[in-house]
Each structure stands twice: as C-alpha cells, then as structure tokens.
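Below, each chain spelled out in residue letters.
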Amino acid sequence: MYLISEFRTQPLSQSFLDKVSTDLSTARKSGIKLIIRFAYNWLGGGEDTSVERIVSHLDQLEPILKNNYDAIAYLEAGFIGYWGEWNRSTNGLRTNPQARRKILKKLLSVLPPERMVALRYSYYKGDIFNQQQPLTESEAFNRSGRARTGAHNDCFLAEIDDWGTYNHTDPKIINQQKAFLNLDNRYLVQGGEVCNPSPYDDCPNAQKELAYMRWSTLNSFPSDGKSILADWVTQGCMDNIKHRLGYRFRLINAEMPIKIAAGEPFSLNFSVINEGWANAYNPRELEIILRHKSTRRNYTLLTEENPQFWIPGQKTTINILVQTPSTLPSGTYEVFLNLPDPSKQLSHRPEYSIRLANKGTWEEDTGFNSLQMNLIIRSK
C-alpha cells in the first residue's frame, strides 16, 4: 500500500520511485509477489487528486511496473477516493464515468499485459467496457482490457451489500451481481478483505461466498476485521479457507508408454482436479521434465497446455503428444510435471513453481512434481 498524499499537486519524487523499484526487487529476491495499491489518503479519508495528475503519476510509474511486473501478483485500481477504493472522491471521480474509464484504461496500459487490475466496485466494469456480460472462455486470457479487469472486495461479509460493494440493498439485484462475478471470475482475480463483524460472517456463509465468487487472495491483517478471522479459527474453517483460496491442483491419474525410441513422439495423458476456489489468474506454463536416472541430467519437453483453464471444481483431462529430441541418450528416465512462472527471472526458481496437492510428489529443490513413473528411451 503506497500512500502518496504529498504528491497530490506535484510529480512523484525520484526517491519514491526508487522505493517502489527497491520493494519489487526485494519481493523477487524473497520469493514472493506483491499486491499493490496507490492511494492519496488513508486514515480518516481525505482528498484525492485530478484525472490529469493521476495519469501523469501513472506515466512515471510505467517503467517500474513494466520492468518488475514479474514481482507483482496484480494491481488494485486505487488512486480514486478514500483509501484508493474508488469512493467519496473529492474531485468527483467516482461519479464521473469518463474519468473512471480513462483511469482504468491508463492503469491497464502502463501495466504489462501479463498482469490484471482489480476494481473495488465490479459493477463499474460493464460501463467502462460497454459490455454487461461476463467473460466467455473464448475471451479469457486474451490480454484485452476486459480480460484483465478483476475485482477486490474490501468489506467482504460486512453487510448485506458489503457496504456498497454491490450497488443495491435488494437481495435479488445483489444476487444478480454476485452471479456475474461467479462467471466473470472463472478467468479473473478476486481479492479483498473483511471489514467489520456482521450476521453474515460465520464460517458456513463465508466459505459459500468465497467459493461462489472464486476468491484468490484475502488480506490477513485487516485493521477492523481481525475478530472475524479469529472467529474462523475458533469455528474451525480457517484451515480450509487457507487451503482453498486460489487454485489447488491435485493429480488424479497419469498414463504414458513404458518405452519409446529417441526422436519419437512421447504421449502423456493425465487428469487433474482443481480443488481450490479460483484459477491461476497469471500466466503459467506446463513442461514435462525427463531426468536420466544414471546421469541425473534433466531434459525439458515444452507443451502448449495452459493451466489457467483448469477451472475450480472441475476435473480436466490433458492429452499431450510432444516430440523427443533424437539426441536423447538411451536409458531410464524419471518423469515430472513442471508448472513454472514464465518470467525469465523466475522460471528456474522452485518457489515460484506450482506445487500439486499430492503427497510425495513435490521436489522442493527443483519445483518439479514427480509422476512416480519411469520412461525407457532406446536409441534408434
């Protein structure tokens, strides 16, 4: 969370820009990614600034965001109104559709297309893109503005309308907006935090809502919501919430030949189920790793499979046919799946690879998932 109140009427300072750059570098070195928001006010609310100033600040931030996007999970839209939450703007930005559209599109333009922006009030999305329907599978992850605009709810379960998260108190209309998120979030990020205790925040309802809106991230340190998180621990659902936020891929089965000749196609058929509540919203790759059991050398076979389409609650069957190098040495190979971060800086770092939710398959020092199967390669 970057508080930039001192820059309401002036450019961002070089020292501030250096701080953001250093923070992202530190995150990368530490093996994590950051969820970022910029705001002109915080405790007690206060003034924001003009559209023109926001656009100029984003121009300044663009090189840093593009050079360090690999260390960013996603960007919360920010900038407008109290807490950067797009409400109570002292410059009238919340009530100005043209301003909202200009700022979101500027955010999307300065952030690389591999990353998403999350809106505090998802019902603005339809007006900004002049499209009221949720994303379809054919539109998903195509790097358009709509396909990169997710949601964050910073008063989750606080009231029937989550304090304006849904722009009505009529349950029928609220349910329509939730149904939109249920479908839109199949391919987008949903984050946020709890806000204040209410009759809606008990474990059964919390888990139902988290699953229905396909939540990926939840702030664990909300200033006003610590008692809610403590209640989830007492009521016994916190462990399940931690396990199921975001994706949770579990391998069900795998089939492959026992023996092939070097240079021949290798077929691998396997099934996974996503037991999490959400998808992998950022790009991912799927590689097959063959490790020679004698030399311990790894050989990587690239695939075109996109794990972002492994949808929550569904079993996905993947059929891969990939050519093996004709120079592959003969011998017995262990077979692994690798789901690395596609960034060149992170692709070989195991802490950024996806770990399957199976016991005894994860290699902590490589980030590979063992299929616990062997393949014999013979020379032609």
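Before any of the text, the structure's been laid out above.
Everything in this summary refers to the structure shown in the same document.

Cut-offs used in this document
- Residues numbered from 1 in each chain as written.
- Predicted model: local features only at pLDDT ≥ 70, side-chain atom pairs only at ≥ 80, totals over all residues.
- Heavy atoms only, no water.
- Helix = DSSP H or I, 4+ residues; strand = E, 2+ residues; numbered from the N terminus.
- Contact = heavy atoms within 4.5 Å.
- Buried < 20%, exposed > 50% of the residue type's maximum accessible area, 1.4 Å probe, protein only.
- Arc of directions from axis to C-beta.
- Pairing = 2+ DSSP bridges.
- Axes fitted to C-alpha atoms, helices over the stretch in contact; angles between N-to-C directions.
- Polar contact = N/O pair within 3.5 Å; in protein donor to acceptor, adjacent residues only side chain to side chain.
- Disulfide = S-S within 2.5 Å.
- Phe/Tyr/Trp six-rings, centres within 6.5 Å; stacked < 30°, edge-to-face > 60°.
- Lys NZ or Arg CZ within 6 Å of the ring centre and 35° of its normal.
- Expected span 1.5 Å × (residues − 1).

1. Describing the environment of Leu108
You can see Leu108 is positioned in helix α3 (residues 97-110). Along the sequence, Leu108 and Leu75 sit 33 residues apart, while their C-alpha atoms lie 9.4 Å from each other. Excluding its chain neighbours within four sequence positions, the residues that come into contact with Leu108 are Val117, Phe129, Gly145, Arg148 and Thr149.

2. What about helix α6 (residues 203-212)?
The set of residues buried in α6 consists of Cys203, Asn205, Ala206, Glu209 and Leu210. All buried residues of α6 project into a common sector of 165° when viewed along the axis, lining one side. Buried residues in α6 make contact with β6 (149-156), α5 (171-184), α7 (226-235) and α8 (238-244).

3. Description of the sheet that holds strand β8 (residues 249-255)
The strand order across the open sheet formed by three strands is β8-β10-β13, and the pairing between neighbours is antiparallel. Every interior strand has two partners, whereas the edge strands, β8 and β13 (315-323), have only one. For this sheet, the mean inter-axis angle between neighbouring strands, taken without regard to orientation, is 25°.

4. Observations concerning the sheet that holds strand β5 (residues 117-119)
Overall, parallel pairing links the five strands, which are arranged β2-β4-β5-β6-β7 in an open sheet. Every interior strand has two partners, whereas the edge strands, β2 (34-36) and β7 (190-194), have only one. The mean angle between the axes of side-by-side strands here comes to 25°, regardless of whether they run parallel or antiparallel. Note: β6 against β7, four bridges, orientation parallel. Residue pairing across strands places Phe156 opposite Val194, the latter belonging to β7.

5. Some points on the side chain of Thr217
If you trace the backbone, Thr217 turns up in the loop between α6 and α7. Overall, the relative accessible area of 14% leaves Thr217 in the buried class. For Thr217, the side chain forms a polar contact with the side chain of Tyr74, separated by 2.7 Å. With residues up to four places along the chain from it excluded, the contact list for Thr217 reads Ile35, Tyr74, Gln190, Gly191, Gly192, Leu245 and Tyr281.

6. Looking at the state of the cysteines
Within the structure shown, the criterion is met by two disulfides. Covalently, Cys155 is tied to Cys195 through a disulfide, its sulfur atoms 2.3 Å apart. One end of the pair, Cys155, is in strand β6; the other, Cys195, is in the loop between β7 and α6, with 40 residues separating them in the sequence. By relative accessible area, Cys195 is classed as buried at 16%. Across a sulfur-sulfur distance of 2.0 Å, Cys203 and Cys237 are joined as a disulfide pair. With the S-S dihedral at roughly -75°, the linkage between Cys203 and Cys237 falls on the left-handed side. One end of the pair, Cys203, is in helix α6; the other, Cys237, is in the loop between α7 and α8, with 34 residues separating them in the sequence. A single burial state applies to Cys203 and to Cys237, both of which are buried.

7. Considerations on the packing of aromatic side chains
For the coordinates displayed, the defined rule picks out 21 aromatic pairs. Note on Tyr74 and Tyr281: the rings are 5.8 Å apart at their centroids and 80° apart in plane angle, and the pair reads as edge-to-face. Highlighted residues: Tyr74 in strand β4 (residues 72-76) and Tyr281 in the loop between β10 (265-274) and β11 (287-292), separated in sequence by 207 residues. Just as Tyr74 is buried, Tyr281 falls in that class too. Here the aromatic residues Tyr2, Phe7, Phe16, Phe38, Tyr40 and Phe79 are joined through ring pairs into a cluster of three or more. Cation over ring: Arg94 sits above Tyr121, and NZ or CZ is 4.7 Å from the ring centre. Taking the ring centre of Tyr121 as reference, the NZ or CZ of Arg120 above it sits at 4.7 Å.

8. Some words on helix α1 (residues 14-30)
Compared with the 24 Å implied by 1.5 Å per residue over 17 residues, the 24 Å span of α1 between its first and last C-alpha is a close match. Positive backbone phi, at 80°, marks Gly31, one or two positions downstream of α1.

9. A word on unusual backbone geometry
Although it is not a glycine, Arg143 adopts a positive phi angle of roughly 70°. The topology assignment puts Arg143 in the loop between α4 (124-129) and β6. Judged by relative accessible area, which is 43%, Arg143 ranks as partly exposed. For Arg296, which is not glycine, the phi torsion reads 65° and is therefore positive. Arg296 gets classed as partly exposed once you look at its relative accessible area, which sits at 44%.

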